[in-house]
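Here's the letter readout for the chains.
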Amino acid sequence: MWAWNAALALVCGNPVIWKPSEKAPLCALATRKIFAAALAKFGDAPDDLMQVAVGGREAGEALVARGDVAIVSATGSTHMGRAVGVKVAERFGRAILELGGNNAMIVAPSADLDLAIRGAVFSAVGTAGQRCTSLRRLIVHEDIYDQMVPRLIAAYATLPVGDPLSDGVLVGPLIDGPAGDAMARALEQAQAEGGVVHGGGRALAERYPDACYVVPAIVEMPGQTAIVCQETFAPILYVMKYRDLSDAISLQNAVPQGLASCIFSTDVRETETFLSAVGSDCGIANVNIGPSGAEIGGAFGGEKETGGGRESGSDAWKGYMRRQTNTVNYSRELPLAQGITFNI
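We now turn to the structure provided with this report. (Residues numbered from 1 in each chain as written. Predicted model: local features only at pLDDT ≥ 70, side-chain atom pairs only at ≥ 80, totals over all residues. Heavy atoms only, no water.)

Details of the environment of Ile153
Argument step 1. Relative to the elements of secondary structure, Ile153 occurs in helix α6 (residues 145-157).
Argument step 2. When the C-alpha positions of Ile153 and Ala53 are compared, they lie 43 Å apart, and in sequence the two are 100 residues distant.
Argument step 3. Each residue touching Ile153, except ones within four places of it in the same chain, is listed here: His198, Ile218 and Glu220. (Helix = DSSP H or I, 4+ residues; strand = E, 2+ residues; numbered from the N terminus. Contact = heavy atoms within 4.5 Å.)

Concerning the sheet that holds strand β11 (residues 236-242)
Argument step 1. Pairing within the open sheet is mixed, and its seven strands lie in the order β7-β10-β11-β6-β5-β13-β14. Edge strands, defined here as strands with exactly one partner in the open sheet, are β7 (196-199) and β14 (284-287). Between one strand axis and the next, the sheet turns through 20 degrees on average, direction left out of account.
Argument step 2. Relative to β14, strand β13 (residues 260-264) runs parallel, the two sharing four bridges. (Pairing = 2+ DSSP bridges. Axes fitted to C-alpha atoms, helices over the stretch in contact; angles between N-to-C directions.)

Details of the pairing of β13
Each regular strand shows side chains that alternate between the opposite faces of the sheet.
Argument step 1. Among the five residues of β13, five are classified as buried, and the element is accordingly described as predominantly covered.
Argument step 2. Burial of β13 is two-sided: the residues Ala260, Cys262 and Phe264 facing one way and the residues Ser261 and Ile263 facing the other way are all buried.
Argument step 3. As defined by bridge partners, strand β5 (residues 103-107) adjoins β13 across four bridges and the pair is classed as parallel. Within the sheet, the bridge partner assigned to Ala104 lies in β13 and is Ser261.
Argument step 4. Assessed by its sense of winding, the connection that carries the chain from β13 through helix α9 (residues 268-275) to β14 is right-handed. (Buried < 20%, exposed > 50% of the residue type's maximum accessible area, 1.4 Å probe, protein only. Right-handed = clockwise from strand over helix to strand, strands pointing away.)

Quick look at the structure:
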């Protein structure tokens, strides 16, 4: 996502200062190297058109506060977005915010369960649950709950965890130790709120003592409790039952975040309801495909605490442009607004 933002800004004629997360700066440095090679090949571009500022919070705060940084495109947590949005607004700058996601999948009685299970597993554990579009809530109809959930638990038990550069590995590490601690705290709270936890805990600690590998977790919840409404950036999938589609949609929408959503159903009435004004309140709504990040080809972004910004899509470039109205009078008369007569 960050690389896409930088590319879009450049295409619109802007220089870019890219401040990546201090936990993951290599993507930005690699992109800058690729960009430099492209400029050397094609030429005719100013020096330092893309710069990378590697640093901690202070570096980000400095960029946000500068009046000559006209547009701040921020991807990250809702907490970060609240701070950035206020600071940029104070100086009448422009902020494009792509923040947290607490994404849900509704599985209806008519769903293709094989497809739904594959979609759920990939969306929930791909990138070890560290993606804004990761699946975090699974809302399953009560008539098929006992068919789907045991199969899902069995699929989780076979997931290979390890070095993501190794063939066959599907679940890599969390970004750092604090991320693992946050996952452990979330699972403890889920249990305290009546959840039944399958999986979770550290993995491969002896082989990789300096890394944080975890076992992906499924948590059967009695309802959408406080912890379910929070986004934990880790492979935790909360599972709940529903009876009526309207109840499922209400559950899905009853969280602060509004990024991605999906329904698995072969009933066109259900899918059309889900996509309608009374359906998903998210910026992204999918049918028979999970939230995966592949939606980047469309207008990518969300509503509510996700920030409301959009990246990609047919008109996202407008966010990186200034709008100017030009009026040119080619006559020797002076036309006045609304036909006003003003003779001097």
